[in-house]
Amino acid sequence: AKKAGRNRFTWFDHSMERELKARNDLENGLRSAIPRGEIVPYFEQQVDLESGRLEGFEVLARWDHPTRGLILPEVFIPIAEETGLIADLSLSLMRQAFTVARDWDDSLRLAVNISPWQLRDAWLAQKIIKLLTETGFPARRLEIEITESALFENLELAQSIIGNLKNQGTTVALDDFGTGYSSLAHLRALPFDRIKIDKSFVTSMNESPDSAAIVTAIARLGESLNLPVTAEGVEDEALDIRLREIGCARAQGWFYGKPLSVIGARRLLAEKGLL
Ligand code: C2E
Ligand code: CA
Ligand code: CA
Ligand code: CA
């Protein structure tokens, strides 16, 4: 029995070793991918529900890997956060997105995701403002999306970063509202301009009355707090119609379009006469 136990541990060690190696490879790969420009922005349409008009895009990170193809953020963002690489990754992504979107129609906004980790950097607002100046993308066309209770790690710092950006005309959204990370308490902690309902509630609305009730309640909450609500994860027309009835202001999801590359976004905007 003792021997079997030891063997089991040996096997366990090997599988942990493999996992560790895979992670290390990913981390090293990511470290060189950022300066090489392999982390690229994709653009997901955000539409005004009432008019159906395109309001802008959420910027989503993709790793355009030379041999593995497009890698999704759930694979590399957590590693970027653990290693601190997220700071460089995020600035590189914003620089690319601002540079291409600067020439798009002036009505189009960009929403970028900021990791809680980045809100520990006292110079974050200055870095973003410098990028805006350098690329010529107007601050008022930028929206910052924030999640997570880590805000409270250093609430004063987060407040000052957000305050500096808002002074320039940038708006701020509370992302993934309704999940464990974004709760009612957060709504009062920072001067948010908008709430985003997590897609887990939205995608399940057609089948689950509970989800539908939650989405309706969040829409009402937004109304009484004077905060427009964005629904994400809208996958079909039935959801689009429901959300309009409920009074959501804005929506995004596969029904309107999958996230687009720079070239794809440009093609869409050319069709719409928004270049
Ligand atoms: P998120 O901010 O909640 O982004 C929405 C995610 O939902 C995106 O996944 C998007 O592709 C996906 N999605 C959009 N429409 C639909 C739909 O109709 N149905 C379904 N099932 N999913 C839909 P993605 O691009 O894989 O991003 C995942 C998460 O990675 C993001 O969640 C965000 O938390 C993080 N992320 C992405 N880019 C960045 C970034 O530049 N910085 C940071 N800090 N995080 C990022
Ligand atoms: Ca987001
Ligand atoms: Ca979200
Ligand atoms: Ca999310």
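For the structure itself, look to the data block above.
Sequence order sets the numbering: in each chain, residues are counted from 1 along the sequence as written. All chains are assigned letters beginning with A, and all ligands numbers beginning with 1, in the order in which they are written. Side-chain atom pairs in this predicted model are given and counted only at pLDDT of 80 or more, local residue features only at pLDDT of at least 70, and totals for whole chains, interfaces and linings cover all residues. Side-chain measures here rest on the full set of heavy atoms in the structure, leaving out hydrogens and waters.

Participant: So what exactly am I meant to see when it comes to the site of ligand 1 here?
Facilitator: Only a single heavy atom is needed: when it lies within 4 Å of a molecule or strand, its residue is near that molecule or strand. Contacts to ligand 1 come from 21 residues, most closely from Glu44, Ala61, Arg62, Glu235 and Trp254. As used in this structure description, the phrase polar contact means that two N or O atoms lie within 3.5 Å; if the pair is within protein, one of them must be able to donate a hydrogen and the other to accept it, and residues adjacent in sequence are counted only when both atoms belong to side chains. A distance of 3.1 Å separates an oxygen atom of ligand 1 from a polar side-chain atom of Lys199. For ligand 1, a nitrogen atom lies 2.6 Å from a polar atom in the side chain of Glu235. Where accessible areas are quoted, they stem from the Shrake-Rupley method and a 1.4 Å probe; at the residue level, only the protein chains shown are allowed to cover. About the coverage of ligand 1: the protein hides 84% of its 800 Å² of free accessible area. Labels follow the DSSP assignment, with helices taken as runs of H or I lasting at least four residues and strands as runs of E lasting at least two, numbered in each case from the N terminus. Among the secondary structure elements, those contributing two or more residues to the shell around ligand 1 are strand E2 (54-65), helix H2 (73-83), helix H3 (86-101) and strand E6 (171-177). For the shell around ligand 1, the element with the most residues is E2, which contributes four residues. Of the residues in the shell around ligand 1, the class split is nine nonpolar, four polar and eight charged. In this count, Pro and Cys sit with the nonpolar residues alongside Ala, Val, Leu, Ile, Met, Phe, Trp and Tyr, while Asp, Glu, Lys and Arg are called charged and the others, Gly among them, polar.

Participant: I tried to follow the pairing of strand E1 (residues 39-48) on my own but got confused; where do I start?
Facilitator: A regular strand places its side chains on the two faces of the sheet in alternate fashion. Accessible area is worked out with a 1.4 Å probe on protein chains only. A residue is then buried under 20% of its type maximum, exposed over 50%, and partly exposed in between. Most of E1 is tucked away, with 10 of its 10 residues classed as buried. Alternating residues of E1 divide into Ile39, Pro41, Phe43, Gln45 and Val47 and Val40, Tyr42, Glu44, Gln46 and Asp48, and every residue in both groups is buried. At least two bridges found by DSSP between two strands is the condition for calling them paired. Relative to E2, E1 is paired through nine bridges, and the arrangement is antiparallel. The residue bridging Gln46 from the neighbouring strand is Gly56, located in E2.

Participant: Mind showing me how you'd approach unusual backbone geometry here?
Facilitator: A negative phi holds for most residues other than glycine; trans holds for most peptide bonds. A positive phi is found at Asp176, a non-glycine position, where the angle reads about 55 degrees. Secondary-structure assignment places Asp176 in strand E6. Unlike most non-glycine residues, Asn226 shows phi in positive territory, near 65 degrees. For Asn226, the location among the structural elements is in the loop between helix H8 (209-225) and strand E8 (229-231). Accessibility expressed as a relative area gives 68% for Asn226, which makes it exposed.

Participant: Would you mind going over the pattern of salt bridges with me for this structure?
Facilitator: Pairs may arise between side chains of opposite charge once their charged atoms sit close together. Any carboxyl oxygen of Asp or Glu that lies within 4 Å of a side-chain nitrogen of Lys or Arg is treated as forming a salt bridge with it. Scanning the entire structure with this criterion turns up 21 salt bridges. A salt bridge links Arg23 to Glu27; the nearest nitrogen and oxygen atoms lie 3.1 Å apart. Pair noted here: Arg23 and Glu27 are both in helix H1 (residues 2-36), with a separation of four residues, about one helical turn. By relative accessible area, Arg23 is classed as partly exposed at 27%. A salt bridge links Asp240 to Arg244; the shortest N-O distance between them is 2.2 Å. Highlighted residues: Asp240 and Arg244, both in helix H9 (residues 237-246), separated by four residues, approximately one helical turn. You can call Asp240 buried: its relative accessible area is 5%.

Participant: What am I meant to see in the environment of Arg141 here?
Facilitator: Inspection of the secondary structure puts Arg141 in the loop between helix H4 (124-135) and strand E5 (142-146). A sequence separation of 29 residues divides Arg141 from Thr170, and the C-alpha atoms of the two residues are 6.8 Å apart. Sequence-distant contacts of Arg141, defined by excluding residues within four places in its chain, comprise Ala101, Arg102, Trp104, Asp105, Asp106, Leu108, Arg109 and Leu110. A distance of 2.9 Å separates a polar side-chain atom of Arg141 from the backbone oxygen of Ala101. At a separation of 3.3 Å, a polar atom in the side chain of Arg141 contacts the main-chain carbonyl oxygen of Asp105. Here, two residues are considered to be in contact whenever any of their heavy atoms come within 4.5 Å of each other.

Participant: Would you mind showing me how to read the coordination of the calcium ion (ligand 2) here?
Facilitator: Around a metal, the idealised angle for a tetrahedral arrangement of four donor atoms is 109.5 degrees; for an octahedral arrangement of six donor atoms it is 90 or 180 degrees. The protein atoms that coordinate the calcium ion (ligand 2) are Glu58 (OE), Asn113 (OD1), Glu145 (OE) and Asp175 (OD), at distances spanning 2.2 to 2.4 Å. In this listing, donors mean N, O and S atoms no farther than 2.8 Å from the metal, or 3.2 Å for Na, K and Ca; water is missing from the atoms, so a site can look incomplete. Counting the intervening residues between successive donors of the calcium ion (ligand 2) yields the motif E-x54-N-x31-E-x29-D. Here the calcium ion (ligand 3) and the calcium ion (ligand 2) are spaced 4.0 Å from one another, each receiving a donor from Asp175. In this pair, Glu58 sits in strand E2 while Asp175 sits in strand E6, placing the two residues 117 residues apart along the sequence. The exposure class of Asp175 is buried, given its relative accessible area of 6%.

Participant: Even after reading the chapter, I still don't get the nonpolar core, so can you show me in this structure?
Facilitator: Inside soluble globular proteins, nonpolar side chains tend to come together where they are buried. Residues belong to one nonpolar core when they are buried, are Ala, Val, Leu, Ile, Met, Phe, Trp, Tyr or Cys, and are joined through side-chain atoms within 4.5 Å. Ranked by internal contacts, the top residues of the largest apolar core, which has 76 residues, are Leu30, Ile39, Phe43, Trp104, Leu110, Ile128 and Leu243. Ranked by residues supplied to this core, first place goes to H3 with eight residues. Discounting chain neighbours no more than four positions away, the residues touching Leu110 are Phe43, Phe57, Val59, Ala97, Phe98, Ala101, Trp104, Phe137, Arg141, Leu142 and Glu143.

Participant: I'm lost on the packing of H4 against helix H5 (residues 155-167) in this one. Help?
Facilitator: How two helices pack is summed up by the angle between their axes together with the distance between the axes. Two elements in contact, H4 and H5, have axes separated by 8 Å at closest approach and are oriented at 25 degrees. One way to sum up the angle between H4 and H5 is to call them roughly parallel. The hand of the H4/H5 crossing is right-handed. Residues Leu124, Ala125, Gln126, Ile128 and Ile129 of H4 pack against Ile161, Asn164 and Leu165 of H5. For the contact of H4 with H5, the residue count by class is six nonpolar, two polar and no charged. Simply put, an axis is a line fit to the C-alpha atoms, just over the touching stretch for a helix, and the angle between two N-to-C directions goes from 0 to 180 degrees. An angle below 35 degrees is read as roughly parallel, one above 145 as roughly antiparallel, one from 65 to 115 as roughly perpendicular, and any other as oblique. By convention, the crossing between two helices is left-handed when the near helix turns anticlockwise from the far helix through less than a right angle, and right-handed when the turn is clockwise.

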